[in-house]
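Coordinates in review
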Amino acid sequence: MKTIGFIGTGYMGGALASAASRSGMDIKILLSNRSREKAEKLAEQINGEVTDNATIAREAEYIFLGVKPQILQGMFEGIEDILKERKDNYVIVSMVAGKDLAFLKKMFFDHPIIRISPNMPVLVGSGLSQYVFSDDVSKEDQEFFLKLMAPTGKLIPNDEHYMGAVSGVTGCGPAFAAMFIEALADGAVRCGVGRKDAYIYAAEMLKGTADLYLESGQHPGAIKDSVCSPAGLTIEGVRVLEKLGFRSAVIEALIATFEKRV
Ligand SMILES: NC(=O)c1ccc[n+]([C@@H]2O[C@H](COP(=O)([O-])OP(=O)(O)OC[C@H]3O[C@@H](n4cnc5c(N)ncnc54)[C@H](OP(=O)(O)O)[C@@H]3O)[C@@H](O)[C@H]2O)c1
């Protein structure tokens, strides 16, 4: 049985811990969070064990880092001495945005590092996570990690150089997509549709359009064209979106997330 520790069980740490618990692997899950109640609630749901950062640093063979980037240094200083004393091998799995392999290797005494850049749909098994291994992650650890994280959804190996740019779409994108669902629903409510139904219609439409693209391979522009009949309703909506800078707003939002990172 392997011991997997999660330091920071907020939105993403909690989602990955929950996925690990559904992996069917023979594991013990240790959870530690600044506010203990959050870890306790999660532990109940996934049959984990609540502990502290020091115990995870001492015992876990895979240490998942689920704290915010600005917290990482302080959190590390609290476990630094324990990690220094460890003679066995352990793997650091970091979901911390913007902290690259070179930085993490230096921080964690040259131990093997796995960087994962997940997104919020991992909560329901429909995530898309990029990952990269440092050169010294063994084949066995690579396979174990991929099996452990399989319940999150799709796992895509990526060149670290592109992770930041891709995570603008995959990591930040769910916020933009949720805003689009909300805005569509507001419009529908203004036109007389009930609020609850409006969210479902908007979300199902988005999901269906994504499936259409992924399954047919049609260019997104061709899908748009196929909905726009001459002098029809849809082209009127397209005209308004173009006039109000819809595409430009989305492009600028992506660039803003990228530039904030680099
Ligand atoms: N959310 C996303 O979509 C997403 C996507 C990709 C990557 N990430 C990365 O995932 C990491 C976590 O993000 P998040 O959205 O899950 O944030 P979050 O919900 O704020 O989770 C961070 C957790 O860390 C806990 N924490 C803070 N200091 C700690 C310490 N010293 N020891 C143990 N736990 C501590 C916090 O506890 P409290 O309950 O006391 O605040 C909180 O529960 C970030 O590095 C982020 O870059 C997030």
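Residues numbered from 1 in each chain as written. Predicted model: local features only at pLDDT ≥ 70, side-chain atom pairs only at ≥ 80, totals over all residues. Heavy atoms only, no water.

Details of the site of the ligand
This is how the line gets drawn: Being near a molecule or strand, for a residue, comes down to having at least one heavy atom within 4 Å of it. What qualifies as a polar contact is a pair of N or O atoms within 3.5 Å, subject to a donor-acceptor requirement within protein and to the restriction that residues adjacent in sequence count only when both atoms come from side chains. With residues, only the protein chains shown are counted as cover, and all accessible areas are computed by Shrake-Rupley using a 1.4 Å probe. To qualify as a helix, a DSSP run of H or I must reach at least 4 residues; to qualify as a strand, a run of E must reach at least 2; elements of each kind are numbered from the N terminus. Three categories are distinguished: nonpolar for Ala, Val, Leu, Ile, Met, Phe, Trp, Tyr, Cys and Pro, charged for Asp, Glu, Lys and Arg, and polar for the others, with Gly belonging to the last.
Within the structure, the ligand sits among 21 residues, and M12, N33, S35, K38 and V67 are positioned closest to it. Between an oxygen atom of the ligand and a main-chain N or O atom of Y11, the distance comes to 3.0 Å. Interatomic distance of 3.5 Å between a side-chain N/O atom of K68 and an oxygen atom of the ligand. In isolation the ligand exposes 890 Å². Once the protein is present, 81% of that is buried. Elements represented by at least two residues in the shell around the ligand include exactly α1 (11-21) and α4 (69-85). Counting residues per element, the shell around the ligand draws most heavily on α4, which supplies 3 residues. The residue makeup of the shell around the ligand, split by class, is 12 nonpolar, 6 polar and 3 charged.

Structural notes on the side chain of T9
To keep it simple, the criterion reads: When checking whether two residues touch, look at their non-hydrogen atoms; a contact exists if any pair is within 4.5 Å.
One can find T9 in the loop between β1 (2-7) and α1. Contact partners of T9, with chain neighbours within four places excluded, come to G14, L31, S32, N33, K38, A39 and L42.

Quick word on the nonpolar core
For the record, the criterion: In this text, buried Ala, Val, Leu, Ile, Met, Phe, Trp, Tyr and Cys residues form a nonpolar core when linked through side-chain atoms within 4.5 Å. The classification of residues rests on relative accessible area computed with a 1.4 Å probe and restricted to protein chains. Under 20% of the type maximum is buried, over 50% is exposed, and intermediate values are partly exposed.
Core analysis: the largest hydrophobic core is formed by 29 residues, its most contacted members being F6, L31 and F64. Of all the elements, α1 adds the most residues to this core, at 5 residues. Counting residues in hydrophobic clusters, the runner-up holds 24 residues, among them I7, L65, I92 and F108.

Here we look at the side chain of S32
Inspection of the secondary structure assignment puts S32 in strand β2 (residues 27-32). A distance of 2.4 Å separates a polar atom in the side chain of S32 from a polar atom in the side chain of N53. What S32 contacts, discounting residues up to four positions off in sequence, is F6, I7, G8, T9, T51, D52, N53 and I56.

Quick notes on the sheet that holds strand β4 (residues 62-65)
The line we're drawing: The pairing criterion for strands is at least two bridges between them, as found by DSSP.
The 8 strands are arranged β3-β2-β1-β4-β5-β6-β7-β8 in an open sheet whose pairing can be described as mixed. One side of each edge strand has no neighbouring strand; the edge strands of this open sheet are β3 (49-50) and β8 (153-157).

Things to note about the environment of E259
In this fold, E259 is placed in helix α12 (residues 246-261). Sequence separation of E259 and R115 is 144 residues, and the distance between their C-alpha atoms is 20 Å.

Regarding the packing of aromatic side chains
For clarity, the cut-off: Only Phe, Tyr and Trp rings take part, Trp by its six-membered ring, and two of them pair if their centres are within 6.5 Å. Stacked means planes under 30 degrees apart, edge-to-face means over 60, and tilted covers everything else.
One pass over the structure, following the stated rule, counts 8 aromatic pairs. Ring centres of F76 and F109 lie 6.0 Å apart, and the angle between their planes is 45 degrees; this geometry places the pair in the tilted category. With F76 in helix α4 and F109 in the loop between α5 (101-107) and β6 (113-117), this pair connects stretches of sequence that are 33 residues apart. Judged by its relative accessible area of 5%, F76 is buried.

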